[in-house]
Structure formats: structure tokens, C-alpha cells
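One letter stands for each residue in the lines below.
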Amino acid sequence: EWSNTGGASYHESVQSDDDDTSFIYETREGHEITLTMANPGVVEAGIDFDGDVTVRPSVTAHYEGGSGTVDLDMQVTGTGISLTASTVNVAVDSSYPVYSGTASTFKSLGTDWDYTGLENCQVRLECTSRPDRFSALRVSYVYVRVDYTAVAAVTDNAIFFGANF
């Protein structure tokens, strides 16, 4: 089972990219954790859902005390969301690089993203290979990157007289 360090809860341990003071970690293969993301920081009216909305899970992580790499599955889940997991190979690198999962313009087969889907996002993490003895897969920051086109601001299209065109 995943453990946490530096926060009162798992969520608090992965909310900021402060590396060694706050993180979750796993020492065994096959254990998973699902974290519910915060609601979007942009209001629904600010996102153009007629254009492409792309969602991608990301983490900052490293493999501590081991050699080579350890595999981490990342998957965006939640109510009405059905996406496949993507596997990243997390290396021994104390700088906690960013690892990103597969980007998706659909929240499920043939269904475009909508605001309700963004509000329901969860990230499921699973350690899918066995870490070396006395080593751990550490994750310090978990987030969902959302790329979208902002709704253009409405301007006053009043007729101007006497202007130089």
C-alpha cells in the first residue's frame, strides 16, 4: 500500500512540487492509489468546448535507492471517464523530473471532454514493476494538465464615426 510523508493525507503530500519534504511512495509491485483532483481553476464559460480539450495526467517522481527504472502506470479516471493507463519508466533521478501519461481529447470512447468530466477527474497510480529491495518509487506532485482554447472576450462592436480606417 502506498505511504505518505510530509502531509496529513495523501492529497496534501502531492499538492506541491517540493520534492523531498512531501511525497507518497511505494516499495512493492501491484499497489495502486487513486487521487481526486481539485475542481478546475477556470470557470466553464472560459473554456471553448467546441475546440479540442486535451487532458494528460502528469507526476513528478523518482526511483530512490534502486538501480535502473521502475514502472508506473498513470490513468485518468472518474465518473463517466474511461481511458486506458499509460506506463512510464521512472528513473533514479533526485531532481524529480516530470513524467506524463497519454494525452486524450476524449473522456471516453467518442465522447468529448465537458466541464463535468473535468470536475470529476481522478488520477490512478500503480507501481507495475518490483522496486529493488530497500528502494522506493517516490511521487511528489500529481496533476492533470488540461490544454484548451479560451473563450474570446466579447467586445463592443459599436459603429465608430469619423475614425481613420
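Whatever comes next refers back to the structure up there.
Residues numbered from 1 in each chain as written. Predicted model: local features only at pLDDT ≥ 70, side-chain atom pairs only at ≥ 80, totals over all residues. Heavy atoms only, no water.

Q: Help me out: how do you make sense of the pattern of salt bridges in this one?
A: Close approach of charged atoms lets side chains of opposite charge pair. Enumeration according to the criterion identifies five salt bridges in this entry. In this structure, Lys-107 and Asp-114 form a salt bridge, with 3.1 Å as the shortest nitrogen-oxygen distance. You can call Lys-107 buried: its relative accessible area is 10%. On the basis of relative accessibility, which here comes to 30%, the residue Asp-114 falls in the partly exposed class. (Salt bridge = Lys/Arg side-chain N within 4 Å of Asp/Glu carboxyl O. Buried < 20%, exposed > 50% of the residue type's maximum accessible area, 1.4 Å probe, protein only.)

Q: Any chance you could explain the environment of His-62 here in plain terms?
A: Structurally, His-62 is set in strand β4 (residues 54-64). Judged by its relative accessible area of 5%, His-62 is buried. When the C-alpha positions of His-62 and Trp-113 are compared, they lie 31 Å apart, and in sequence the two are 51 residues distant. Not counting residues up to four positions away in its chain, the partners in contact with His-62 are Val-90, Ala-91, Asp-93, Ser-94, Tyr-96, Ala-136, Leu-137 and Arg-138. (Helix = DSSP H or I, 4+ residues; strand = E, 2+ residues; numbered from the N terminus. Contact = heavy atoms within 4.5 Å.)

Q: Could you clarify how one ought to interpret the packing of aromatic side chains in this entry?
A: Each aromatic ring pair is specified by the distance between its two centres and by the angle formed by the two planes. If you walk through the whole model with that rule in mind, you get two aromatic pairs. Judged by centre distance (6.0 Å) and plane angle (55°), the ring pair of Phe-23 and Tyr-25 falls under tilted. We classify Phe-23 as buried; its relative accessible area is 6%. Its end group placed over the ring of Phe-23, Arg-138 keeps NZ or CZ at 3.7 Å from the ring centre. (Phe/Tyr/Trp six-rings, centres within 6.5 Å; stacked < 30°, edge-to-face > 60°. Lys NZ or Arg CZ within 6 Å of the ring centre and 35° of its normal.)

Q: Can you walk me through the nonpolar core in this structure?
A: Where a protein is soluble and globular, its nonpolar side chains tend to be buried together. In this structure, Val-59, Leu-72, Val-90, Trp-113, Leu-125, Val-139 and Val-142 are the most contacted members of the largest nonpolar core, which totals 32 residues. At the level of secondary structure, the elements contributing two or more residues to this core comprise β3 (32-36), β4, β5 (69-77), β6 (86-91), α2 (115-119), β10 (122-127) and β11 (136-147). The contact partners of Leu-125, leaving out residues within four places of it in the chain, are Trp-2, Ile-24, His-31, Glu-32, Ile-33, Val-59, Leu-72, Asp-73, Met-74, Val-139 and Val-142. (Core = buried A, V, L, I, M, F, W, Y, C linked by side-chain atoms within 4.5 Å.)

Structural measurements only, silent on function.
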